[in-house]
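# Working through the structure, step by step
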Amino acid sequence: MNRFEEIFQILSSDSKDDKIKVLESLSQTNNPEIIRKIISKLDDPEIAVRGEAFSSLFLNKNKISEFLIQGLRSQSNKNIKAFSALILANREDRDAIPDLDLLPLAPSSMVRSCALGGLGYLCSSQSSSIIRNCFEDEALQVRKSALEAFFKIGGQILPNELERLTNDADDELKFLIKKF
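It is worth spelling out the packing of helix α10 (residues 140-152) against helix α12 (residues 171-179) at this point. In contact at an axis separation of 10 Å, α10 and α12 are set at 20° when each is read in the N-to-C sense. Compared by their axis directions, α10 and α12 come out roughly parallel. The chirality of how α10 crosses α12 is left-handed. Residues Leu140, Arg143, Lys144, Leu147, Glu148 and Phe151 of α10 pack against Glu172, Leu173, Leu176, Ile177 and Lys179 of α12. Here the residues of the contact of α10 with α12 are counted per class, giving six nonpolar, no polar and five charged.

Here helix α1 (residues 3-11) has its buried residues at Ile7, Ile10 and Leu11. Within α1, the buried residues cover an arc of 95° as seen down the axis, which keeps them to one side. Sitting at the head of α1, Asn2 places a side-chain oxygen 3.1 Å from the backbone nitrogen of Phe4.

Turning to the packing of aromatic side chains, a few remarks are in order. Counting across every chain of the model gives three aromatic pairs. When the centroid spacing of 4.8 Å and the interplanar angle of 40° are considered together, the rings of Phe4 and Phe8 count as tilted. You can see Phe4 and its partner Phe8 sitting in helix α1, four residues apart, about one turn around the helix. With centroids separated by 6.5 Å and ring planes inclined at 85°, the aromatic side chains of Phe54 and Phe83 adopt a geometry described as edge-to-face. A residue pair is termed long-range when its members are at least 10 positions apart, and Phe54 in helix α4 (residues 47-59) and Phe83 in helix α6 (residues 78-90) qualify at 29 residues. Owing to a relative accessible area of 22%, Phe54 belongs among the partly exposed residues under this scheme.

This part covers the pattern of salt bridges. Overall, the coordinates contain nine salt bridges when judged by the stated rule. Among the salt bridges present, the one from Asp44 reaches Lys19, with a minimum N-O distance of 2.7 Å. Taken together, the residues span a long stretch of sequence, with Asp44 in the loop between α3 (32-40) and α4 and Lys19 in helix α2 (residues 16-25) at a distance of 25 residues. According to the relative accessible area criterion, Asp44 is buried, its value standing at 3%. For Lys19, a relative accessible area of 5% translates into the label buried. With a closest N to O distance of 2.5 Å, Asp170 and Lys144 form a salt bridge. Of this pair, Asp170 sits in the loop between α11 (159-166) and α12 while Lys144 sits in helix α10; the two residues are 26 residues apart in sequence, bridging distant segments of the chain. On the basis of relative accessibility, which here comes to 26%, the residue Asp170 falls in the partly exposed class. Here the residues in one salt-bridge network are Lys19, Lys41 and Asp44, joined through shared partners.

Conventions and cut-offs
Within each chain, residues carry numbers counting from 1 in the order of the written sequence. Where local features are concerned, this predicted model is filtered to residues with pLDDT of at least 70; where side-chain atom pairs are given and counted, the filter is 80 or more; whole-chain, interface and lining totals use all residues. Hydrogens and water molecules were not included; the side-chain quantities draw on all heavy atoms of the structure. Only the contacting stretch of a helix is used when fitting its axis, a line to C-alpha atoms as for every element, and angles between N-to-C directions run 0 to 180 degrees. Helix and strand definitions follow DSSP, with helices as H or I runs of at least four residues and strands as E runs of at least two, each counted in order from the N terminus. An angle below 35 degrees is read as roughly parallel, one above 145 as roughly antiparallel, one from 65 to 115 as roughly perpendicular, and any other as oblique. Rotating anticlockwise by less than a right angle from the far helix to the near helix defines a left-handed crossing, while the corresponding clockwise rotation defines a right-handed one. Only heavy atoms matter for contacts: two residues are in contact if any of them lie within 4.5 Å across the pair. Note on residue classes: Ala, Val, Leu, Ile, Met, Phe, Trp, Tyr, Cys and Pro are nonpolar, Asp, Glu, Lys and Arg are charged, and everything else, Gly too, is polar. Think of it in three bands: with a 1.4 Å probe and only protein chains considered, a residue is buried below 20% of the maximum accessible area for its type, exposed above 50%, and partly exposed in between. Directions are taken from the helix axis to each C-beta atom, and the arc is the one they span. N or O atoms within 3.5 Å of each other form a polar contact, as long as, within protein, one can give a hydrogen and the other can take it, and as long as residues adjacent in sequence are counted only when both atoms are side-chain atoms. Stacked, edge-to-face and tilted are the three classes for Phe, Tyr and Trp ring pairs, Trp counted by its six-membered ring, which pair at centre distances within 6.5 Å; planes under 30 degrees apart are stacked, over 60 edge-to-face, the rest tilted. Any carboxyl oxygen of Asp or Glu within 4 Å of a side-chain nitrogen of Lys or Arg constitutes a salt bridge here.

So this is what it looks like as structure tokens:
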């Protein structure tokens, strides 16, 4: 069995420790098939494996953004979409902004929240209307993410938006609103 086959076998196994060990060794791979396999581990049942996959992709200095953007575009699950959004933002990949702009419409509140966080982290002022539209999201965490993103891009909250934002707000959201 060659190294490539061994990597795939381990990453497809049930051994959390073996998967983590292999993922640690792959942070500089540029093999497209291995990168796709690492991205698939963003949805591993084990949180520690998901974290190591995230770390491996974040630390990878190669040009892997196209694979992460494919993760945003695909019909993949919420973990892959959400974590890919965060990795792209942390890698400061502004080319991902058009794809991140589409995610605040996703069915998953986690994906919406992560996309908004990414847009804020990238200081995507061109996304201000998309971010602003999320002030009315039914999920409190999404509204928090929208407000934080809006704050990062220097947006100005309108008086009528304050009322909508404070609807069923918790202490954290009220604190964020006071920052404005």
